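Summary of structural features
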Amino acid sequence: MSKVLKVRNLTKSFGGVCAVDDVSFDLEKGRLLAMIGPNGAGKTTCFNLINGQLKPDRGSIVIMGKQIAGFKPHRVWQLGVGRTFQITATFASMSVLENVQMARLSFHRRTLSIFQKVRNLYVDESMELLKLVGIEKQRDHACGVLAYGDLKRVELAMALANDPRLLLMDEPTAGMGPAERSRLMEQISGIVQTRNIGVLFTEHDMDVVFTHAHRIIVLNHGKLVAEGTPQEVHANAQVQEIYLGAAETARLEKR
Amino acid sequence: MGFYVAQFLTGWADASGLFMVAVGLTLIFGVMRIVNFAHGSFYMVGAYTAYYLIAWLPSDGVSFWIGVLLAALIVGIIGVIVEMLLLRRLYHAPELFLLMGTFGIILIIQDLSRWLFGAEDLLGPRCPGLDGSVWIMGSLMPQYDLALIVAALLILGAIWMVLNRTRWGVLVRAATEDREMLSALGVNQGRLFTGVFFLGSFLTGLGGALQLPKGGADLLMDLNVIASAFVVVVVGGMGSIPGAYLAALIISELTAFGILVLPQSTLVMMFLVMAVVLVIRPYGLFGKAELAPHEPAGESGAVLKPASVRLKWLGAALVLGIILAPLFAGDFQLVLLIEIAILALASMSLYFMMGPGGMVSFGHAAFFGGGAYAAALMVYHLQTPMELALLLTPLAVGLLALIIGWFCVRLSGVYLAMLTLAFAQICWSIVFQWEEFTGGDDGILSIWPSDWAESRIVFYYLTMVLCTGGILAMRHLLFTPFGYTMRACRDSALRSASIGIYQKRHQWFAFAVAGAFAGLAGGIYVFSKGSVFPDEMAISRSFDFLLMVLLGGVETLSGPIAGAAAFTWLHDQISRFEFWQLVLGCIFIILVVAFPQGIAGFFSSKTERYFSEPTDE
Ligand SMILES: Nc1ncnc2c1ncn2[C@@H]1O[C@H](COP(=O)(O)OP(=O)(O)OP(=O)(O)O)[C@@H](O)[C@H]1O
Ligand SMILES: [Mg+2]
């Protein structure tokens, strides 16, 4: 079975707004699937449904062959799902290393241990992860004072800490400069190919998307409007219209 | 039939009084997101001011009403002064500092009232023209009760008019519903806040003044009323004015009729209702979940560092001081040191759940007093020896905390805190009313240590070993995976869930651990005093613990110890001075304004460099 994620007829509304509307797609091992769409298209909501933070109104989500209906986030995580957030969420009162150690402790199911001190636990493994994402130098910095781009990397290291099969990344490169952006995406591509992880990510930078994604799905007003390889999506008239339209309104608003 | 109607009307009148207490509080919370603990104090000032104004005004038909209105106005102005001089500085500080600032105001108003108005309970004046009774379906109803029902409805209507028919009211509603939008509209937030605080305080003062003919005025009103006001606000949904009315009505009617079925239920009915409502609807009847719940103490949480060699030396010096103290200290000082150690252990346990655990408890006395009672009951009923009692007490209280915590961790923030208060109040009233078993108000006497520990010095060492051991054990826990996970859940619920941490379970265990250690403290306490009374479980006891933790600062591990020591010492020193609460209140306010990190936090920030220099071990 090579499908890590199977989403069918996923639907979620908030009050009157249908944030995700009848969305279906698949994701295979070792592949990068980009989910794009203008602001408010429902991307983050989709992520929140997949990792169990929100309950869908309708539809099914199958991760690693398991229905996750009614699962809380920590149960979804047990299936091997790592997640990074659009607005970074890390433990502000801990150092970078401790953040990753925390994820590692959870992976080894040691969060209820009360004898050993954290200081000596899983340091090497955590350093490996920090090196993997390239922030080993900041190991002792408090997360509360880190630059935004570095926080994104800490999140990535934490998401990788449970040897995930499925990685959900909500705008992994937001807040980075173009050079750092493509370097990080390069690294991520490398990691997921060697570890055979399926990745679902969103990204507003189209260069990043078209260079690194194997497949792309396009959301607009919660609906899936296009799906295909980068070339197919690039050529899709409807997608161009959505993006041109969005660019047009943005330009009008600026005036 | 007539009897039930009368009972219903009595309940309704009580509900009207409750609503008048709560409406200002919910209004202020809705707009400003401030939990104003000094609310009850404003209520008390309203009652006293009205009493003296009415007595001073020439007595004709209208002087009563003029007095009431003037008193409300004066309270409103006091509110404005407090808001402009103090609260305004704290809007951007962590919530706990606001709590501490309002605590300071409670203490100050308490002593100023004693000084200005005297310590005697005052019997309220009658309301001219409404001091008789009327027959309603064969039952006698006081006219003033009916007047209160009408008055509360008028207030409800007037607020509705203001909120819906004036531009200012629209802004207030907008601020309650969507804060972002408000700043987008370009509203002067400072002026709006002052206005709302005025209105809230005015309404409270009005409530205090209007209940004079029924309840009079006394110095205990402030704390008595604040608990009920919070219950009503929380049950109704914080920020919801119709919710407050409905909650007051439900609570009062259940109390009015509950008394017929089970006379003992009056003391707890309110808290039972709250517990049930919060378990079923975590945000109250009409409340809404905050769209973006702010993560407590996120930014300011300091990184926890293991003790450096120098800090260990300091600790060793402290231990040496404790060991040698009996050589220098007299009997009285030893008693004081024993008390400090016990309270330090109890505050450390509260800090444990409040700081790293991120769960504020307003009812920690349930566990401290619970421990005291558990030990006392074991000795009294089963002749349990002290050693066994001290061993079993933390286990028993840990179990109690597991039960209470199971409900509490479902909530967060103020709602969680209020639920702890509710459970504490339920525990208190059980102890208070179950006289055959707990001795009720008379307490349990003659609980003395075993023979070998009877001498003051031996008991001193025993206390020190247990308390230091308990404090060090909790400190150790904070450095273990369990302690880290607690902090992880506090720092970011989102992130901890997405790395597979089941937040509720860890919070639940943290709650139980804190309870168990508070129980141990209570157990030792009862042997040191020889007796226990329901007061050890009362709200004011819970507040003492909060004061100690806040005084020490919630950001340092040494905070609770410093706080307990400072509190006990201050209490001892300045309680010889008649207005010691005034001094304590001023200290609090100076602390929050000048050193928002608390005493220990202040010193540790000054000495951090010295104590955290890299050392190899
Ligand atoms: N908790 C919520 N309550 C109400 N409405 C919500 C909630 N979360 C999202 N929405 C609405 O659902 C729609 C989709 O939001 P979502 O955050 O999923 O978009 P997005 O594609 O991630 O946008 P962006 O590119 O800005 O991150 C928006 O209209 C948003 O206002
Ligand atoms: Mg988004």
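Residues numbered from 1 in each chain as written. Chains lettered and ligands numbered in written order. Predicted model: local features only at pLDDT ≥ 70, side-chain atom pairs only at ≥ 80, totals over all residues. Heavy atoms only, no water.

**Things to note about the overall build of chain A**
For chain A, the helix and strand inventory stands at nine helices and 10 strands. Against the 2.2 N^0.38 benchmark of 18 Å for 255 residues, chain A shows a C-alpha radius of gyration of 19 Å, consistent with a compact globule. Based on the C-alpha atoms only, the size of chain A along its principal axes is roughly 60 × 40 × 35 Å. Relative to its full complement of 255 residues, chain A shows a buried share of 53%. (Helix = DSSP H or I, 4+ residues; strand = E, 2+ residues; numbered from the N terminus. Rg over C-alpha atoms; globule rule 2.2 N^0.38 Å. Buried < 20%, exposed > 50% of the residue type's maximum accessible area, 1.4 Å probe, protein only.)

**Quick notes on the packing of aromatic side chains**
Evaluated as defined, the whole model comprises 25 aromatic pairs over all chains. Judged by centre distance (5.1 Å) and plane angle (80°), the ring pair of Phe-103 of chain B and Phe-543 of chain B falls under edge-to-face. Here Phe-103 of chain B is found in helix H4 (residues 95-117), whereas its partner Phe-543 of chain B is found in helix H23 (residues 539-552), with 440 residues between them in sequence. Of the two residues, Phe-103 of chain B and Phe-543 of chain B, neither departs from the other in class, the shared state being buried. Seen in terms of ring centroids, Phe-367 of chain B and Phe-511 of chain B are 5.8 Å apart; in terms of plane orientation they differ by 90°. Their pairing is edge-to-face. Of this pair, Phe-367 of chain B sits in helix H15 (residues 365-382) while Phe-511 of chain B sits in helix H22 (residues 503-529), and the two are 144 residues apart along the sequence. You'll find Phe-367 of chain B and Phe-511 of chain B in the same group, each marked buried. Among the aromatic side chains, those forming a connected cluster through ring pairs are Phe-37, Phe-103, Phe-230, Phe-362 and Phe-543 of chain B. Here the guanidinium or amino end of Arg-75 of chain A rests over the ring plane of Phe-71 of chain A, the centre of that ring lying 4.1 Å away. Its end group placed over the ring of Phe-479 of chain B, Lys-117 of chain A keeps NZ or CZ at 5.4 Å from the ring centre. (Phe/Tyr/Trp six-rings, centres within 6.5 Å; stacked < 30°, edge-to-face > 60°. Lys NZ or Arg CZ within 6 Å of the ring centre and 35° of its normal.)

**Quick look at helix H8 (residues 189-210) of chain B**
With 22 residues, H8 of chain B extends 31 Å between its outermost C-alpha atoms, agreeing within 8% with the 32 Å of an ideal straight helix rising 1.5 Å per residue. Of all 22 residues in H8 of chain B, 16 are buried; the element is thus mostly enclosed. (Expected span 1.5 Å × (residues − 1).)

**A closer look at the coordination of the magnesium ion (ligand 2)**
All names here are of chain A. Distances from the magnesium ion (ligand 2) to its protein donors, namely Thr-44 (OG1) and Gln-86 (OE1), fall within the range 1.9 to 2.1 Å. With a gap of 42 residues between them, Thr-44 in helix H1 (residues 43-50) and Gln-86 in the loop between strand E6 (81-84) and helix H3 (96-107) connect regions that are remote in the sequence. The class for Gln-86 is partly exposed, based on a relative accessible area of 30%. (Donors = N, O, S within 2.8 Å, 3.2 Å for Na, K, Ca; no water.)

**Description of the interface of chain A and chain B**
Taken together, the 33 residues of chain A in the interface contact 32 residues of chain B. Of all residues in chain A, His-74, Phe-91 and Ser-93 of chain A bury the most surface against chain B, accounting for 21% of the area lost on that side. Counting across the chain A and chain B interface gives one salt bridge. Of the charged contacts in the structure, one is a salt bridge between Arg-495 of chain B and Glu-155 of chain A, with a shortest N-O distance of 2.7 Å. For the pair chain A and chain B, the number of links is 16 residue pairs in polar contact (both at pLDDT 80 or more). Elements with a minimum of two residues in the side of chain A that touches chain B: helix H2 (73-78), E6, H3 and helix H5 (148-160) of chain A. With five residues, the single largest contributor to the side of chain A that touches chain B is H3 of chain A. When the residues that make up the side of chain A that touches chain B are grouped by side-chain class, the tally is 17 nonpolar, 10 polar and six charged. (Contact = heavy atoms within 4.5 Å. Buried area = accessible area lost by both parts, 1.4 Å probe. Salt bridge = Lys/Arg side-chain N within 4 Å of Asp/Glu carboxyl O. Polar contact = N/O pair within 3.5 Å; in protein donor to acceptor, adjacent residues only side chain to side chain. Nonpolar A, V, L, I, M, F, W, Y, C, P; charged D, E, K, R; others polar.)

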